[in-house]
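Working through the structure, step by step
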Amino acid sequence: MFREKHVLPDLSTGQRDPDDWEIGRLRTVDYLLDIRVLTYEPTLSLLAVGTADGLIYVVGGPGVESSVQTPEGSPVKILQLAASTDRLLSVDERDRLHIWNLKDLTEPPKSTRFDHVINVVMLSPSHTHVFLALQSGEIRTYDLLCLKKSPYVIPNLWNMFQTKIASSVVDPLHALPSCTIPVDLVAHPRDLNLIFVAFGGGVVLYDLSSRNILRAYELVIPAGAPGGGGYHQSEVLTHRRPSVTSVAIHPAGHFFAVGYADGCVAFWAVEDEDQPLMVRTSTELDVNVINGEELEKFLQNGGPSEEKGTNLAERQPIYRVAWCGFPNSSDPRGGATALVFLGGDRIDDPCRLTVYTMPALDSPEPPAPSGSKTGLHASIPNAMRLSVIPLETTYYPSSGPVYDFVVFPKANPHFSGCWDPVALLFLTAASPDSRMVEARQFLPPKMIFPLPEAGDVIHDLPTTLEDMTLGGVEPPSMHVPSKLYSGLGGVSYAQLLTLQRGVYDVLVGQQPVLGDADLPVVGGSAWIDDKRLSELRLSRSHPRRILITCHRDSIVRFYDASPQLLISSSTSPLQKHYPFAIHDLTINLSCLPLSSAPEVTTVQIAPESLECIVLLKSGDLLVYRLNTTQVDPPIEIEGNTGFVLLRNVALRPGTRYHPFLMLPRGNVSLTCCALSDIGFIGVGYIDGSVAVIDLRGPSLLRPQRQKRQSKLLVRNQDRDPVVSLTWTVSAVSMDAQLAVRLIAIHESGNTQVFKIIRDPESSMYDFAHDVTRIEGLPNVLQGGSFVIDSQKGTTWHADRSRFAAALQTGDSNPARCFWVTASAKGARCMLDISGEKISKVEWNSKKNKVGRVQVIEKNNSHVLVAFNDKPEAMVYSLPYLEHLHTFSLAKVCENVVSVDETGDFIALMRHNSGVLEQIVFGTLFKTRRVYDHPIVDLTSSHREIPPYPQPVSVGPPSLLGSWFRYGKPVITGEQLDALLAGPDRPIPPPDHMQTSQDTTAAYGPGVMKTMENARDGVYNRLNDALAERGEMLGNIEQRIDSLQQGSKDMVTQAKRLATEQTARRWFGF
């Protein structure tokens, strides 16, 4: 009925054939919301996390991402990476050990079940065995090279210790079942033959080769001493044996720290199992010593009364400890150290990790042996005690409760992965329904404090503790892979932005592959299959795309999702992650002076000027400008009091989006906004009024009618809320002049077209007096209004080129346009915005709600595509809105939230908590689009494993080898493997490598060479191990010769024996 007056060109001729369409999924961005464990291996430079759904995700350098699933999807309980054999280890909730080959994660894992619950797993890059501490107290071993259980079994050592002392000590606390359960397992940092086994009752030092208990360390808090609970507990007048939770060894290997369930940390000398060096909490020292004054006050207040022990919040257990060393000293014993521990705070303290910076061990030379049988000379424990009194305390805050942490070392895999750390990784509860990873830079110790004297510490304890705290310094956050951290509370919304090349270069700039604040996970390499390289190169001409995500922690983040990032080959791997986080564009709304916590409703970016507006749920509107060039400071114009200029807002250094102004909510709520590329921002209100922010001043413009009339005189059809605003530069049927216009659509469908004019006298812009009114569609969708060139089909935005055309005078016959609007029920097309109706349609599917529409361009042909919640994509021609196709999106996504003009879109999948767990990149035209997941080589950047650290003397370096047992050979990793595997160790199976030419071409010659070298290395190590085993079992004289060779530097045999006997009394070896 609308075609009789005008014969209009068909803008959709090139998209009528359904074969030209190919709906498909390009990529997905997953957010892991239920992470349960994490681990990092510095030799491989790979980070791995395990989830409650049994998913194990491994991430490395650019594009290096791989994942595996545990059998039956059982939750991951323990996770480790073995650098010595390139294996991935996992223990699930069913206590099954699963082992994957990192060189080919597509192979099914080798799974092994043990008789009891697996509590702790320990491995080392220096050998190929893994130790597994079981709930029964036994420690089993597993051969990662032969993929079988080894015969070496360690019995329950705490049971053995209890049996030994049962005849002389009768204490019911020794019989508690929790005492015999292993809770931690740590190798001696300088002797592979020694391991520390932590049970609930205490810590055992065990010699693997002699199968002997060397020491057993049991903490007893005497009656009257405060312990971890202080003088606010009913058990203060009884002996207490707090349960052990974790162990960490000093890098020198001569003393160690033990965390306990009552919130205290005890420091023990390896050679003294009788008394600890110190027992402390986060606020008090020597809590194992009776404080007579405090005890007297406690008794005067009524003794051990539970009612009087509730003044202070309960202290948390020490959940985990780690002792970090640094290459900051030429002394073989090392320099300053750092003790990291989780827990120990009051339950009402902030969520955080605590790091104590400790001074270097500076023990003097002990006197000559005097025949004393008391063990260490007193000067050595005193020096050790001084080295565990912190010089400073640093708190590492987290976004939520911390469940675990991982020390991130720079390169060295030894010292339990705690040597020269650069970051701390937290596993935090960002919300009640999710856990994720965040990181902070590890602050190295600064030796600017004098070494404290023991007397000063004891006599001025409050001042010492106060001086220890590093006030005002918060370790900076570091960026982790986006899949592992989606902000506090998760991602709430995402949208896609398409940019042209020149604008993209301005916005993104030259981003470093690895910034200073990026977590340096760089292992492996990745590339797109070379067979698709010719198709991949076609993406060079595609538009650039930016992914914008809004987070519940008041953060707006930007990611480069351009297909050009995927251009790679086997000889030129990927250089950036996809999508690539652009951290210097991040907008942090929490730094603004807002009345309430900001929640983002809409984010818009001008595709040319790159201004950004953020609409909050509170109704406040924020305007940001890109800090690319020096701009003139804003000029406050008299009479414009509707907005607030945002000046001197403290921002993170390097931030490029700076806040410019804020339009507060005021008395009337703001319902929608529209951003143009020519310096105008339109805002609509719930009362039907409209305003424009002119960024040139800035100034706030309102229509003349709204300025002069009260609400009683405003027309009723203009009183309902404004639901859609559209900027364009065009003419209308009743005004042939090309001008900047703002189309305001009300909820009822009534539409106002405002014209923006420039005052020739003041050069200021304002609303024209005449307003064009149209009866349009009711309940128009957000983004459901388009002004289209009637000849070319291109959308007429209010951009710079159209604005320049409007400024040219004398054009009395401008081009004509279509105005297309769409609602949840249908769409309408009108000529020249206010002219005749061309067509109208109701959606083909009435049962499903349409939530998004877009004008799509392909090969100079344009159509209107409506996306419903079935989900389907319904295609209509322009300008007559004929139904052309309906395509199902069920295999691609659930609901489309953002579409660009090329037909690419994103869809969101939400977690039960409402946050996003997956972003789907899809397209309506998948032909010759290469977004394949890359080929990944996880072991291509495997670093050389350094030798295991050698023992060092507890005294000055001049004493090395003079009176300690360092003349005795230290066991090597190969010897330890032979000891654990036994004489019947089978020949390990070779890796199943593909050797065909096709595989070599696909994976590259470098990868195949790495695989061959790894295979040859396995056989070489095996042959060496077999040869050493034969020597150990076949000729005992060689062992005696080895001992003699190791002690040939001794002056005389008598002096060596005397010195060794003295060392045995001092150090127990």
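Here we summarise the structure given alongside this text. (Residues numbered from 1 in each chain as written. Predicted model: local features only at pLDDT ≥ 70, side-chain atom pairs only at ≥ 80, totals over all residues. Heavy atoms only, no water.)

Where nonpolar side chains cluster on the molecular surface, the patch consists of Val-513, Leu-514 and Val-522 and spans about 220 Å² of accessible area. Inspection of the secondary structure assignment puts Val-522 in the loop between α6 (501-508) and β31 (525-527). Given the relative accessible area of 37%, Val-522 is considered partly exposed. (Patch = residues over 30% accessible without salt bridge, like charges linked within 9 Å, V, L, I, M, F, W, Y side chains within 5 Å. Areas by Shrake-Rupley, 256 points an atom, 1.4 Å probe, with all protein chains shown as cover. Salt bridge = Lys/Arg side-chain N within 4 Å of Asp/Glu carboxyl O. Helix = DSSP H or I, 4+ residues; strand = E, 2+ residues; numbered from the N terminus. Buried < 20%, exposed > 50% of the residue type's maximum accessible area, 1.4 Å probe, protein only.)

Another aspect to go through is the environment of Ile-195. Mapped onto the fold, Ile-195 is located in strand β15 (residues 191-199). By relative accessible area, Ile-195 is classed as buried at 0%. Measuring from C-alpha to C-alpha, the distance between Ile-195 and Leu-185 comes to 7.2 Å, with 10 residues separating the pair along the chain. Leaving out residues up to four positions away in the same chain, Ile-195 has contacts with Met-122, Ile-154, Leu-185, Val-186, Ala-187, His-188, Val-204, Leu-205, Tyr-206 and Leu-208. (Contact = heavy atoms within 4.5 Å.)

All right, on to the pattern of salt bridges then. Tallied over the entire structure, the rule returns 31 salt bridges. Measuring nitrogen to oxygen at the nearest pair gives 2.8 Å for the salt bridge that ties Arg-96 to Glu-72. With Arg-96 in strand β8 (residues 96-101) and Glu-72 in the loop between β5 (65-69) and β6 (76-82), this pair connects stretches of sequence that are 24 residues apart. One salt bridge in this structure joins Arg-215 and Glu-271, with 3.8 Å as the shortest N-O distance. On the criterion of sequence distance, the pair formed by Arg-215 in strand β17 (residues 212-217) and Glu-271 in the loop between β20 (265-269) and β21 (278-280) is long-range, its members being 56 residues apart. An identical accessibility class is assigned to Arg-215 and Glu-271; each is buried.

In this section: empty space enclosed by the protein. Where empty space is left can be seen by rolling a probe of water-molecule size over the atoms. Summed over the entire model, instances satisfying the criterion amount to six cavities of 30 Å³ or more. In this structure, the largest cavity encloses a volume near 50 Å³. Around the largest cavity, the lining residues are Glu-535, Leu-536, Leu-538, Ser-539, His-542, Pro-563, Arg-928, Arg-929, Val-930 and Tyr-931. Here the lining of the largest cavity is composed, by residue class, of five nonpolar, two polar and three charged. (1 Å grid on protein atoms, 1.4 Å probe; cavity = no way out; pocket = protein on both sides within 12 Å on 5 of 7 lines; lining within 4 Å. Points joined across faces, edges and corners; volume = space filled by probe spheres on them. Nonpolar A, V, L, I, M, F, W, Y, C, P; charged D, E, K, R; others polar.)

With that out of the way, let us pick up the sheet that holds strand β44 (residues 699-701). Reading across from one edge, β41-β42-β43-β44 is the order of the four strands in this open sheet, with antiparallel pairing throughout. The open sheet has two edge strands with one neighbour each: β41 (670-675) and β44. Between one strand axis and the next, the sheet turns through 25° on average, direction left out of account. (Pairing = 2+ DSSP bridges. Axes fitted to C-alpha atoms, helices over the stretch in contact; angles between N-to-C directions.)

With that settled, consider the sheet that holds strand β59 (residues 904-910). Strand pairs in the sheet, formed through backbone hydrogen bonds, run parallel or antiparallel to each other. The antiparallel open sheet is built from four strands, whose spatial order is β1-β60-β59-β58. Each having just a single partner strand, β1 (24-30) and β58 (896-899) make up the two edges of the open sheet. On average, each strand axis in the sheet is tilted by 25° relative to the strand beside it, whichever way the strands run. Here three bridges tie β58 to β59, and the two strands are oriented antiparallel to one another. Following the sheet pairing, Val-896 is matched in β59 by Ala-907.

Among the five residues of strand β4 (residues 55-59), four are classified as buried, and the element is accordingly described as predominantly covered. In this antiparallel pair of consecutive strands, strand β3 (residues 46-51) and β4, the connection spans three residues, and Gly-54 shows a positive phi of 85°. Where β4 lies against β5, five bridges are found, and the strand directions are antiparallel. The partner of Val-59 across the bridge, within β5, is Glu-65. Counted along the chain from β4 to the antiparallel partner β5, the turn is five residues long, and its residue Gly-63 has a positive phi close to 75°.

The biggest cluster of nonpolar side chains holds 50 residues, and the ones touching the most others in it are Leu-425, Val-437, Leu-519, Ile-919 and Phe-921. Among the elements that line this core, the one with the most residues is strand β27 (residues 421-431), at four residues. Non-local contacts of Leu-519, meaning those with residues more than four positions away in its chain, are made with Leu-47, Phe-408, Ala-423, Leu-425, Ala-439, Met-478, His-479, Val-480 and Leu-514. In terms of nonpolar packing, the next biggest core, distinct from the first, is built from 31 residues, Cys-550, Phe-558, Ile-587 and Val-649 among them. (Core = buried A, V, L, I, M, F, W, Y, C linked by side-chain atoms within 4.5 Å.)

This next bit is on the packing of aromatic side chains. According to the stated counting rule, one finds 23 aromatic pairs in the structure shown. Between Phe-326 and Phe-442, the ring centres sit 5.9 Å apart and the planes meet at 45°, which makes this aromatic pair tilted. In this pair, Phe-326 sits in the loop between β22 (318-324) and β23 (337-343) while Phe-442 sits in the loop between β28 (434-441) and α4 (454-459), placing the two residues 116 residues apart along the sequence. Considered together, Phe-326 and Phe-442 belong to a single accessibility category, that of buried residues. Considering the side-chain rings of Phe-680 and Trp-727, the 5.7 Å spacing of their centres and the 20° angle between planes classify their relative orientation as stacked. With Phe-680 in strand β42 (residues 680-685) and Trp-727 in strand β45 (residues 722-732), the pair connects residues that are 47 residues apart, well separated along the chain. Per residue, the accessibility class of Phe-680 equals that of Trp-727, and both read buried. (Phe/Tyr/Trp six-rings, centres within 6.5 Å; stacked < 30°, edge-to-face > 60°.)

This paragraph deals with unusual backbone geometry. With an omega dihedral of -10°, the bond running from Tyr-578 to Pro-579 counts as a cis peptide bond. With respect to the element layout, Pro-579 can be found in the loop between β33 (555-560) and β34 (580-581). Residue Pro-879 follows Leu-878 across a cis peptide bond; omega there is 5°. If you trace the backbone, Pro-879 turns up in the loop between β56 (872-877) and β57 (883-888). Unusually for a residue other than glycine, Leu-610 sits at a positive phi of about 65°. Positionally, Leu-610 belongs in the loop between β36 (600-605) and β37 (612-616). We classify Leu-610 as buried; its relative accessible area is 3%. At Asp-832, a position not held by glycine, the phi torsion is positive, near 50°.

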